[in-house]
Amino acid sequence: MRTTSIKFTGMASGLDTESIIKSMIAPYQIKVDSKWQQQTLMEMQKNAWRDMNKQIFDFHDKYISKMRLESTFNKKNISLSNPSIITIDKNATLPVGTHTIDRIDQLAEGARITSKAISDIDTTKKLSEQDGYKDLVGKKITINGKEIEITEEHTISSLAKEMQQVDPNVNVNFDTNTKAFFISSKKTGESQSIALGGDKDVWNKLGILDASTTALKIDTTKDTTLTIKGKSISISTGETHENIITQLEAALNDGVTDDKDKSKVIYRDGKFIVGAKQKDISIIGDGIQQENISIGKNAILSYNGVEINSEANNISVNGANFIINTITKDPITLVATQDTDAIVDFMKEFVTEYNKLIEDIHNKLDAASSKSYKPLTSEQKKEMSEYEIEAWDKKIKDGIFRKDPDLKYVVDSMREVLSGVVEGGTFSSLSEIGISTGDWKEKGKLHFDEDKFRKALAKDTDGVIQLIAGSGNPKSVFEKDLANGVISSTKSWEELKKSELEDDKALVAKYENRTKSIGDRLYDSINNVSRSTTLRSAYSFYNDKALDKKITVAKDDVKKLEERMYRMEDMYYKRFTAMEKMMQKLNSQSSWLTSQMG
């Protein structure tokens, strides 16, 4: 940065040195101003393009990216025979027709440990300071195999906090109002489990009741004997898990005739999980580790005759997303109809916003020339009012995109796509379903004939969707051309698809493009126009890299020109200062001579 000092000039000569020097460096100032104006204009172009980029991509994200997706047009109106049993997602895309949830046998639940209040606990004191709990110090418990030792510093709240931290999948909370523990898994389903091990006396004093399930860790590297319901079971060394499960279930269900009362055993995470349906079953044996365990439940239901077993109550099936709220033996009917209003509303909004976008773009492309308007320097602004400055700047900004080839290419690409032909479907163009362009003077503005559009939907909803967002059927178009002699090929469509020959790949691409939906083409068009090159960044519609480089060069040029101007200015000041000193000396001598001649 240039520093300036106070200069006392013209004291001896009486000349307006500052004005003279300013005039002398004026040619240099003109060069600085000219280069600065170039730099500023490019910065204004960059800012204008940044806003235009955002405007186009906002339209892209809100409409174009959705227009290519069939799910955008597959929204359904769904009626339920009993909306209190299930909650359906309003965006469900299940097929049109009647669907049935035959029954809901079970809701998904998380693993949960039952507990009771420990009313004699003092939540403000350490456990070691309370008669009923001081003997817990030094004892150990486990939650899902992770150990906690009771220390002299533990309060009931700090113990609960430590219990919460041992397993991120388990919620542990001690409620100071009810003075009870609440322990549960964070998720639902049979995969969720909470195993409590260690000293049973600790769990009992903490009010934790026995879980309904027992987990057994059996050492199969040696012979083991268990006693279940008073009967012995021998497990030999190396016994398979399947055989152990068979023996355990046989002993547990000895004398049980009703299947619903029978206990089942599963093997998970190195343990045999015993789901005992009968109460007070004791399992005793050496060489086993025993834990109380709670296991979550899966949701069990039937949909259109298909049995569903889900870990969550949020069910996704056949395009339907729904939450089951309660069990029921009665069937629930879902009737799905096409939401044509949603299709109409989306396309009507698309047309409206597209017209706004291209109208704004064309206004910028066709703006009056502002070539003769340059960014104002600080000296120029001094001679103008604030209103005049704003009007001048607006004139420049309004003309930035005049006849801009990059912006014109963007709008021309979209216009070409929207007027294109899609083969292989009921409808081949947007004009056939009520979306068309008007007079050429409107420069691509779309017109939406709602009545014609609704008639097309009534005739063939899937055909309308295929034209706008479908995947197309290139095979059928290829085979039709082949049959009509339009093309000749010794290969079938399937063989062409598998071929590695460039000519075959090009032929496949040609037919895929001919049957590609309007939405896909529009999406590809925008992406192609804004792809990364050596001159532009990705998702940019102009050569931002090249412009940034030009701005940097201009800034350097301004700096160099300013430095040169300042050097010339300093040189002129030094010369005028020397002249002033000489004239002051001459004036002094003249005054002396005059005084001598008296």
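For the structure itself, consult the block above.
Presented here is an overview of the structure given in this document. The shown structure was predicted, so the numbers you read here are calculated from the model rather than taken from an experiment.

### Re the sheet that holds strand β21 (residues 332–338)
Thought 1: The strand order across the open sheet formed by 5 strands is β1-β21-β3-β17-β18, and the pairing between neighbours is antiparallel. Every interior strand has two partners, whereas the edge strands, β1 (76–80) and β18 (306–310), have only one. On average, each strand axis in the sheet is tilted by 25° relative to the strand beside it, whichever way the strands run.
Thought 2: Relative to β21, β1 runs antiparallel, the two sharing 5 bridges. Counted as the bridge partner of K76 is Q338 from β21.

### A word on the environment of N473
Thought 1: Mapped onto the elements, N473 comes out in the loop between α12 (461–469) and α13 (474–483).
Thought 2: Residue class for N473 comes out partly exposed when judged on its relative accessible area of 35%.
Thought 3: In sequence terms N473 and K516 are 43 residues apart; their C-alpha atoms lie 8.4 Å from each other.
Thought 4: Excluding anything up to four places from it in sequence, N473 contacts Q466 and T515.

### Side note on the packing of aromatic side chains
Thought 1: Summed over all chains, the structure comprises 16 aromatic pairs.
Thought 2: Arranged with centres 5.5 Å apart and planes meeting at 90°, the rings of F73 and F346 form a pair that is edge-to-face. Taken as a pair, F73 in helix α3 (residues 70–73) and F346 in helix α7 (residues 340–365) lie far apart in primary sequence, 273 residues in all.
Thought 3: F73 sits in the buried class, given a relative accessible area of 1%.
Thought 4: With a centroid separation of 5.2 Å and an interplanar angle of 50°, the aromatic rings of F448 and F453 are classed as tilted.
Thought 5: The class of F453 is buried, set by a relative accessible area of 0%.
Thought 6: Feature note: the residues F59, Y63, F73, F346, F350 and Y354 constitute an aromatic cluster, connected by ring pairs.
Thought 7: The ring of Y523 has R68 lying over it, and the distance from NZ or CZ to the ring centre is 3.9 Å.

### Remarks on the pairing of strand β3 (residues 97–106)
Thought 1: Across 5 bridges, the pairing between β3 and β21 is antiparallel. Each residue of the ladder has a partner; that of T100, found in β21, is T333.

### What to know about the packing of helix α11 (residues 450–459) against α12
Thought 1: Running from N to C, α11 and α12 point in directions that differ by 115°, and their axes come no closer than 5 Å. The pairing of α11 with α12 is recorded here as roughly perpendicular in orientation. Contacts from F453, A456, L457 and K459 in α11 reach T461, V464 and I468 in α12.

### With respect to the pairing of strand β12 (residues 231–235)
Side-chain positions along a regular strand alternate between the two faces of the sheet.
Thought 1: Sheet topology note: the strand β11 (residues 224–228)/β12 ladder contains 5 bridges and is antiparallel. Within the sheet, the bridge partner assigned to T227 lies in β12 and is S232.
Thought 2: Between β11 and β12, which pair antiparallel and follow one another directly, the connecting turn spans 2 residues, one of which, K229, has a positive phi of 55°.

### Digging into the packing of α7 against helix α10 (residues 405–418)
Thought 1: Between α7 and α10, the least distance of the axes is 10 Å, while the angle of their chain directions is 145°. In the packing of α7 onto α10, the handedness of the crossing is left-handed. For the pair α7 and α10, contact is made by F350, Y354, L357, I358, I361, H362 and L365 and by L407, K408, V411, M414, R415 and L418, respectively.
Thought 2: When the residues that make up the contact of α7 with α10 are grouped by side-chain class, the tally is 10 nonpolar, 1 polar and 2 charged.

Thresholds, definitions, all that
- Residues numbered from 1 in each chain as written.
- Predicted model: local features only at pLDDT ≥ 70, side-chain atom pairs only at ≥ 80, totals over all residues.
- Heavy atoms only, no water.
- Pairing = 2+ DSSP bridges.
- Helix = DSSP H or I, 4+ residues; strand = E, 2+ residues; numbered from the N terminus.
- Axes fitted to C-alpha atoms, helices over the stretch in contact; angles between N-to-C directions.
- Buried < 20%, exposed > 50% of the residue type's maximum accessible area, 1.4 Å probe, protein only.
- Contact = heavy atoms within 4.5 Å.
- Phe/Tyr/Trp six-rings, centres within 6.5 Å; stacked < 30°, edge-to-face > 60°.
- Lys NZ or Arg CZ within 6 Å of the ring centre and 35° of its normal.
- Parallel < 35°, antiparallel > 145°, perpendicular 65-115°, else oblique.
- Left-handed = near helix turned anticlockwise from the far one by under 90°.
- Nonpolar A, V, L, I, M, F, W, Y, C, P; charged D, E, K, R; others polar.

Shape descriptors only; they carry no functional weight alone.
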